[in-house]
Amino acid sequence: MADGPQFVRIGERRLRVTNLDKVVYPETGTTKGEVIDYYARIAPLLLPVVAGRPVTRKRWVEGVGTAADPQGSFFAKQLEPGAPGWIRRREIPHSGGAKDYPLVDEVATLVWMAQVAAIELHIPQWRFTPDGGRGNPDRLVLDLDPGPGVSLSQCAEVALIARGILTGMGMDPVPVTSGSKGIHLYAPLPGDRTSDEISAFAHALARAIEADHPALVTSVMTKTLRAGKVFLDWSQNNGKKTTIAPYSLRGRPEPWVAAPRTWAELEEPGIRQLRFDEVLARAERDPDPFAAISQAGAGAAATAPPADLGERSRPRVVASSGGRRASAGRAPAAQDDDATVPVYSPMLAEHGTAGTARALGWAEIKWDGIRAIGTWSEGRFRLRARSGTDITDRYPELTADGAPGFDVGEAVVDGEIVAFDALGRPSFHRLQDRMHLTRAREIEREVVRTPVRYHLFDLLRLEGHDLTVLPLRDRRELLERIAADLDAPVLVPPVFDDVDAALATSSALDLEGVVAKDPASPYVPGGRSPRWLKLKLTRAQEVVIVGIRPGKGDRTGRIGSLLLAIPEAALPSGLRYVGRVGTGFTDRALQDLGARLEPLRADAPAVDGVPVADASDALWVRPEFVGEVEFANWTDDGVLRHARWRGLRPDKSPSEVVVES
């Protein structure tokens, strides 16, 4: 490794760079210094490509790894808080609040991004308008993705077919080998059509090519239908989606590049992806194949998609997804859609025993995470916690560009977000490191340290149809169909048809327990039903925090223990004291709890029955936070014995706490 940081001057900018000898691509030995050098040298060709567009970065903090052992990555949308102030930025609204996206308009910005391990740069097909709004797309893009058993040469064959149609319409496309598996095809646009219109046009074009070449091309997203075919992905024209920028490096085992190519190259046998050193050599030797696209996007004249695709595109009339018929050449006008996807509250299970659960005949592992309702719409997941809080931005590996998604237009699912320990077991304790974060930089850092999975177990809505009245077995069958092609970290765990076998498996793997369900049960949003029963193997109890006992010794100035209660309507306060917990806290948890509880300080206890010894030095707080503890058993007077802290439950309210075991 290089010793200490170094400082480089790029124009008027002075940048700090570190670890230049760090290997980023282990299979080729390519270092961070070489990555920075590539972006600095390719800048004259790359900067016009990304000019005026928000840049989403995909970062590999520990390097990309190898094909056998790939390293984790994450998408960064919002510009990092520690970014230099001179980097230009523009704001884009999001469900969790507006985010500042970087604009890459100088070499120094590219170098800074490479320094923070932003290997891939992704951009939309539109630019910001002068007033900061989202402009119409100035590029059409088609993503030619090879299915199983399909070569890059076959993708090139499809690209040549598409070229024939587009040039016949007066458009001049440029091919880009993606640096991953396939080919991207770009064509300039005049910017007088909306993203919805261009998406519809691209979809119609893909269907027309599929109709002429059904053995070679598919326009259907379902992965199981792609074997032996090239998937012509038209959806990248959606205004909310991004595509790898031409000339960007890729986070593959080798340092391949999304490389613009000539049509003569695509006609050659044995076409392959290009490495960064090859792209640099071409840049020094040959004209830029992508220059016409970049110049058109900057304001040069471009040709609009004409009214029809010409004689080569039979059949000219195709059915749209909504059942209407539209010319394959003209994008239909965007439809106003005031309807929003309903917000569902999760169905809850009652506590049960093995004896009562056996009669249900269906069991799922209890994953010891947090419930999350996932809404899939417009190509993205939005996540809501049990409380209704929008937690989309807290889990970018599930919701950002490039995250797994369904091959359907709209779906609402129920599932559990789970973190795992070093032994591969679900760890609610580790999940605490993720579930409370809201700052983008902290989230991005923790994505690598504490990755999560989204385990799906129910489907509530599909393509505009409410499914909650259907039996569970039918909802599950539909869920498995739409999730069949999902990649990690979104998955559908198996179901047991034997409750005892599920309990035995859960016990052998040291898991929390199981949830037994009636396969004929409907989904009751927000309701608790005896047709769903949870059986815990560990003794755990949700509790309401009512006070703090100050710490001593190495905990002086911090929390020593928490005083706990559970609701009991018969008591004057409505809460019954159940003891205290002083173990199981990490330093980070103690700091976080202290900050959260300090504003809730109260002069008097909100609970009945606190012993004098526990109340003597107690600092009381309003009963607003719910936590969870493990414990040995209950004493005869209703106090938790040997309680150990597991974590906060921000998805629960005090009124929901009940005696669990």
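Residues numbered from 1 in each chain as written. Predicted model: local features only at pLDDT ≥ 70, side-chain atom pairs only at ≥ 80, totals over all residues. Heavy atoms only, no water.

## A look at the overall build of the protein chain
Turning to step 1, where the next piece is worked out: A tally of helices and strands in the protein chain yields 15 helices and 41 strands.
Turning to step 2, where the next piece is worked out: For the protein chain, the C-alpha radius of gyration of 28 Å lies close to 26 Å, the compact-globule estimate for 661 residues.
Turning to step 3, where the next piece is worked out: Its C-alpha atoms give the protein chain principal-axis dimensions of roughly 85 × 60 × 45 Å.
Turning to step 4, where the next piece is worked out: Expressed as a percentage of its 661 residues, the buried residues of the protein chain come to 52%.
Turning to step 5, where the next piece is worked out: Just so you have it, the protein chain exposes about 28000 Å², and 50% of that area is on carbon and sulfur atoms. (Helix = DSSP H or I, 4+ residues; strand = E, 2+ residues; numbered from the N terminus. Rg over C-alpha atoms; globule rule 2.2 N^0.38 Å. Buried < 20%, exposed > 50% of the residue type's maximum accessible area, 1.4 Å probe, protein only. Areas by Shrake-Rupley, 256 points an atom, 1.4 Å probe, with all protein chains shown as cover.)

## Description of the UniProt feature "domain: ATP-dependent DNA ligase family profile" (unreviewed entry) in the protein chain
Turning to step 1, where the next piece is worked out: With numbering matched to this structure, UniProt assigns "domain: ATP-dependent DNA ligase family profile" (unreviewed entry) to residues 445-568.
Turning to step 2, where the next piece is worked out: Spanning residues 445-568, this segment combines 21% helix with 40% strand, and its end C-alpha atoms are found 42 Å apart. (UniProt positions renumbered as here; feature names shortened; annotations may be inferred.)

## Focus: the sheet that holds strand E16 (residues 230-233)
Turning to step 1, where the next piece is worked out: Ordered in space as E15-E16-E12-E14-E13-E19, the six strands form an open sheet in which the pairing is mixed. The sheet terminates laterally at strand E15 (217-218) and strand E19 (259-260), the two strands that pair on one side only.
Turning to step 2, where the next piece is worked out: Relative to strand E14 (residues 183-188), strand E12 (residues 139-146) runs antiparallel, the two being bridged by six bridges. Paired with Asp-143 across the bridge in E14 is His-184. (Pairing = 2+ DSSP bridges.)

## Topic: helix H14 (residues 587-597)
Turning to step 1, where the next piece is worked out: All of the buried residues along H14 are Leu-590, Leu-593 and Leu-597. The arc that holds every buried residue of H14, seen down its axis, measures 70°, which confines them to one face. For H14, the exposed residues lying more than 90 degrees away from the buried face are Asp-587, Gln-591 and Ala-595. (Arc of directions from axis to C-beta.)

## A few points about the sheet that holds strand E5 (residues 56-59)
Turning to step 1, where the next piece is worked out: If you walk across this open sheet you meet the four strands as E6-E5-E9-E17, and the pairing is antiparallel. The outermost strands of the open sheet, each flanked by one partner alone, are strand E6 (74-76) and strand E17 (243-244).
Turning to step 2, where the next piece is worked out: Two strands pair when backbone bridges link them, and E5 and E6 are joined in this way by three bridges, in the antiparallel orientation. Bridge pairing in E6 links Arg-57 to Ala-76.

## Some points on the domain arrangement of the protein chain
Turning to step 1, where the next piece is worked out: If you check the domain split of the protein chain, you get domain 1 (1-124), domain 2 (134-241 + 261-297), domain 3 (348-536) and domain 4 (540-656).
Turning to step 2, where the next piece is worked out: On a C-alpha basis, the centroid separation for the pair domain 2 and domain 4 is 59 Å. (Domains from an automatic or database assignment.)

## Description of the packing of aromatic side chains
Turning to step 1, where the next piece is worked out: Under the counting rule described, the total for this entry stands at 11 aromatic pairs.
Turning to step 2, where the next piece is worked out: Here Tyr-186 and Phe-290 contribute two aromatic rings whose centre-to-centre distance is 5.2 Å and whose plane-to-plane angle is 90°, an arrangement assigned as edge-to-face. Of this pair, Tyr-186 sits in strand E14 while Phe-290 sits in the loop between helix H6 (276-285) and helix H7 (291-297), placing them 104 residues apart in sequence. Of the two residues, Tyr-186 and Phe-290, both sit in the buried class.
Turning to step 3, where the next piece is worked out: Judged by centre distance (5.4 Å) and plane angle (70°), the ring pair of Trp-376 and Phe-381 falls under edge-to-face. Just as Trp-376 is buried, Phe-381 falls in that class too.
Turning to step 4, where the next piece is worked out: Put simply, the rings of Trp-376, Phe-381, Phe-406 and Tyr-454 pair up and form one aromatic cluster.
Turning to step 5, where the next piece is worked out: Over the ring of Phe-420 we find Arg-453, and its NZ or CZ is 4.8 Å from the ring centre. (Phe/Tyr/Trp six-rings, centres within 6.5 Å; stacked < 30°, edge-to-face > 60°. Lys NZ or Arg CZ within 6 Å of the ring centre and 35° of its normal.)

## Examining the nonpolar core
Turning to step 1, where the next piece is worked out: Membership of the largest hydrophobic core comes to 49 residues, with the highest contact counts inside it found for Tyr-38, Tyr-39, Ile-42, Leu-46, Tyr-247 and Leu-249.
Turning to step 2, where the next piece is worked out: Residue assignment for this core shows that the elements contributing at least two residues are strand E2 (13-17), strand E3 (23-25), helix H1 (32-50), helix H2 (107-115), strand E9 (118-123), strand E13 (174-177) and H6.
Turning to step 3, where the next piece is worked out: Ranked by the residues each element gives to this core, the list is headed by H1, at 11 residues.
Turning to step 4, where the next piece is worked out: Each of two domains, domain 1 (1-124) and domain 2 (134-241 + 261-297), supplies a minimum of three residues to this core.
Turning to step 5, where the next piece is worked out: Core analysis: the next-biggest nonpolar cluster, separate from the first, contains 34 residues, Leu-564, Leu-575, Leu-590 and Trp-645 among them. (Core = buried A, V, L, I, M, F, W, Y, C linked by side-chain atoms within 4.5 Å.)

## Here we look at the pattern of salt bridges
Turning to step 1, where the next piece is worked out: Applying the stated criterion to the full structure yields 49 salt bridges.
Turning to step 2, where the next piece is worked out: Close ionic contact of Asp-518 with Arg-531 constitutes a salt bridge, the shortest N to O distance being 3.0 Å. Of this pair, Asp-518 sits in the loop between strand E31 (513-517) and strand E32 (528-536) while Arg-531 sits in strand E32, placing them 13 residues apart in sequence.
Turning to step 3, where the next piece is worked out: Among the residues examined, Asp-518 registers a relative accessible area of 18% and is labelled buried.
Turning to step 4, where the next piece is worked out: Taking relative accessible area as the criterion, Arg-531 reaches 32% and is therefore assigned partly exposed.
Turning to step 5, where the next piece is worked out: With a shortest N-O distance of 2.7 Å, Lys-536 and Glu-660 are connected by a salt bridge. In this pair, Lys-536 sits in strand E32 while Glu-660 sits in the segment after strand E41 (644-648), placing the two residues 124 residues apart along the sequence.
Turning to step 6, where the next piece is worked out: The partly exposed category is assigned to Lys-536, whose relative accessible area is 24%. (Salt bridge = Lys/Arg side-chain N within 4 Å of Asp/Glu carboxyl O.)

## A closer look at the pairing of E41
Turning to step 1, where the next piece is worked out: When you tally the buried positions in E41, you get four out of five residues, the bulk of the element.
Turning to step 2, where the next piece is worked out: Bridge analysis of strand E38 (residues 626-630) against E41 gives four bridges, and the strand direction is antiparallel. Considered in E41, the bridge of Glu-628 is made with Gly-647.

## Brief notes about unusual backbone geometry
Turning to step 1, where the next piece is worked out: Phi is positive for Ala-117, which is not a glycine, with a value near 70°.
Turning to step 2, where the next piece is worked out: In this structure, Ala-117 sits in the loop between H2 and E9.
Turning to step 3, where the next piece is worked out: For Ala-117, a relative accessible area of 15% translates into the label buried.
Turning to step 4, where the next piece is worked out: Even without glycine at this site, Tyr-247 takes up a positive phi of about 85°.
Turning to step 5, where the next piece is worked out: Examined against the element boundaries, Tyr-247 turns out to sit in the loop between E17 and strand E18 (256-257).
Turning to step 6, where the next piece is worked out: Taking the relative accessible area as the measure of exposure, Tyr-247 reaches 4% and is therefore buried.

## Here we look at the confidence of the model for the protein chain
Turning to step 1, where the next piece is worked out: For the protein chain, mean pLDDT is 87; residues scoring 70 or higher make up 92% of the total.
Turning to step 2, where the next piece is worked out: Highest mean pLDDT in the protein chain belongs to E18 (98); lowest belongs to strand E21 (residues 317-319) (27).
Turning to step 3, where the next piece is worked out: Below pLDDT 50 for its whole length, residues 306-339 participates in 64 contacts with residues either more than four positions away or in separate chains. (pLDDT = per-residue confidence, 0-100. Contact = heavy atoms within 4.5 Å.)

## Some details on the packing of H1 against H2
Turning to step 1, where the next piece is worked out: Closest axis-to-axis distance for the H1/H2 pair is 9 Å, and the angle between their directions is 150°. In terms of axis orientation, H1 runs roughly antiparallel to H2. For H1 against H2, the interelement crossing comes out right-handed. Facing H1, whose interface residues are Lys-32, Val-35, Ile-36, Tyr-39, Ala-40, Ala-43, Leu-46 and Leu-47, H2 presents Val-107, Leu-110, Val-111, Ala-114 and Gln-115.
Turning to step 2, where the next piece is worked out: When grouped by side-chain class, the residues that make up the contact of H1 with H2 number 11 nonpolar, one polar and one charged. (Axes fitted to C-alpha atoms, helices over the stretch in contact; angles between N-to-C directions. Parallel < 35°, antiparallel > 145°, perpendicular 65-115°, else oblique. Left-handed = near helix turned anticlockwise from the far one by under 90°. Nonpolar A, V, L, I, M, F, W, Y, C, P; charged D, E, K, R; others polar.)

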